[in-house]
Amino acid sequence: MTRFTDQAKVLMPGVLLAVTVALASLFIASRYGGPVMLYAILFGIAFNFMNDDEKTKPGVQFASKRVLQLGVILLGASVTFSEIADLGWATALLVVAAVTTTIAAGFLIGRSAGLTAPHSTLSAGAVAICGASAAMAIASVLPQTKESERNLILTVVGVTTLSTVAMVTYPSVTHMLAFTDMQSGVFLGATIHDVAQVIGAGYIVSDEAGAVAAVVKLMRVTLLAPAVFVIALLFSRQAGAEATGRAFPIFLFGFAALMAANSVGFVPQEAREILSGASRFALVVAVSALGVKTSLKDLFEVGPKPVAALALQTLWLALFVGLAVAFGKGVLPH
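None of the values given here were measured: they were computed from a predicted structure.

1. Remarks on the nonpolar core
Ranked by size, the top nonpolar core spans 86 residues in total, and within it V72, I129, M136, L152, L224 and V321 carry the most contacts. Once residues lying within four places of it in the same chain are set aside, the contact partners of M136 are L68, L152, L283, A286, V287 and L290. L74, A77, L258 and V267 belong to the second-largest nonpolar core, a separate cluster that totals five residues.

Structure representation (structure tokens):
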């Protein structure tokens, strides 16, 4: 007990800093709108000078890793297998194909742009699955280098910005392509990166499109665990046998267990809402901590290549899903 208390005292200042930044970001987002993850990063960067303070550094490090893993675990409360089954096998197959091809093609796009293999994988996975949440989960199992945190911040900022742009523009795209409400929901849920922007875009089209988009988005979230597991396995093999144990994403078992419990009805609706909210808050705290650890000078040294890669990966996903929805009217829900 004494050891736990001593550890808590060491971590508390940095954790409180991250929580404070997260609360400020949530307040600004609720009051004025805009992506809370982006606010969390920018506000966190403003406190970068505190990352070198011995009082706050341990807690900031803890929040950026352990609180992140907690947020990913609790994300399992947002998903049930029955919700996914309601949209049918064709939609599920489309989502799996979109995620798989985007990670593969996105990796090649990143490498062509001059990014390292871990950075390319991080960028492609964030675009393919669920934006900032996926980026943070994938980053936790990639090889750690001095550029790792900088690359993660760049990816989170880029994917969040592109997700906001997509929220505003994609509803008009579905209108131009004459998609039905159901087709619009499938397209928006399978292409926009962050959950909040998916729902926002869906309800711009219609209530039905919003509901369908949310469920399709949750389909993509269910692929987070297997995707991170495979990525961890691939990179641990590259690093050698010694790295396998360190890279193995144990926290994904928590995600899968909570998703399974939620699917069979063990998690009441009230608890599901509380856990989903807690997941969101934990992820905002983790992003805030990452912001505190990030130097603007390091970000500006990277150049435009990572942003260009993210944009091309996003375009690939939109084209793949758009063509599938347009030409799959006989099998996809419409």
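2. Describing the packing of aromatic side chains
All told, the structure shown has four aromatic pairs when counted by the stated rule. Between Y39 and F43, the aromatic rings sit 6.1 Å apart at their centres with planes inclined by 15 degrees, giving stacked as the arrangement. On the criterion of helical spacing, the pair formed by Y39 and F43 is a turn pair, its members being four residues apart in helix α2 (residues 36-46). For Y39, a relative accessible area of 22% translates into the label partly exposed. For F43, a relative accessible area of 30% gives the class partly exposed. Linked through ring pairs, Y170, F179 and F187 together constitute an aromatic cluster.

3. Focus: the pattern of salt bridges
Inspection of every chain in the model, using the stated rule, returns one salt bridge. K293 is the salt-bridge partner of E149, the closest N and O atoms lying 2.3 Å from each other. Placement of E149 in helix α8 (residues 148-176) and of K293 in the loop between α15 (269-292) and α16 (296-300) is noted, with a sequence separation of 144 residues between them. When its relative accessible area of 26% is taken as the criterion, E149 is described as partly exposed. On the basis of relative accessible area, K293 is assigned to the buried category, the value being 11%.

4. A short note on helix α7 (residues 132-139)
Of all eight residues that make up α7, eight are buried, and the element is covered over most of its length. What α7 keeps buried is the set A132, S133, A134, A135, M136, A137, I138 and A139.

5. Description of the environment of Q197
Tracing the sequence through the fold places Q197 in helix α10 (residues 195-205). Separated by 33 residues in the primary sequence, Q197 and T164 have C-alpha atoms spaced 6.3 Å apart. Leave out the neighbours within four places in its chain, and Q197 touches P35, T160, S163, T164, M167 and I192.

6. Some details on unusual backbone geometry
For A178, which is not glycine, the phi dihedral falls at a positive 60 degrees. Overall, A178 belongs to the exposed group, its relative accessible area being 56%.

7. Here we look at the packing of helix α5 (residues 88-112) against helix α11 (residues 207-222)
Where α5 contacts α11, the two axes come as close as 10 Å, and the packing angle between them is 50 degrees. Considering their axes alone, α5 and α11 lie oblique with respect to each other. Here α5 and α11 pass one another in a crossing that is right-handed. Of the residues in α11, those touching α5 at T91, A92, V95 and V99 are V216, M219 and R220. Here the contact of α5 with α11 is built from residues that sort into five nonpolar, one polar and one charged.

Scoring rules and cut-offs
Residues numbered from 1 in each chain as written. Predicted model: local features only at pLDDT ≥ 70, side-chain atom pairs only at ≥ 80, totals over all residues. Heavy atoms only, no water. Core = buried A, V, L, I, M, F, W, Y, C linked by side-chain atoms within 4.5 Å. Buried < 20%, exposed > 50% of the residue type's maximum accessible area, 1.4 Å probe, protein only. Contact = heavy atoms within 4.5 Å. Phe/Tyr/Trp six-rings, centres within 6.5 Å; stacked < 30°, edge-to-face > 60°. Helix = DSSP H or I, 4+ residues; strand = E, 2+ residues; numbered from the N terminus. Salt bridge = Lys/Arg side-chain N within 4 Å of Asp/Glu carboxyl O. Axes fitted to C-alpha atoms, helices over the stretch in contact; angles between N-to-C directions. Parallel < 35°, antiparallel > 145°, perpendicular 65-115°, else oblique. Left-handed = near helix turned anticlockwise from the far one by under 90°. Nonpolar A, V, L, I, M, F, W, Y, C, P; charged D, E, K, R; others polar.

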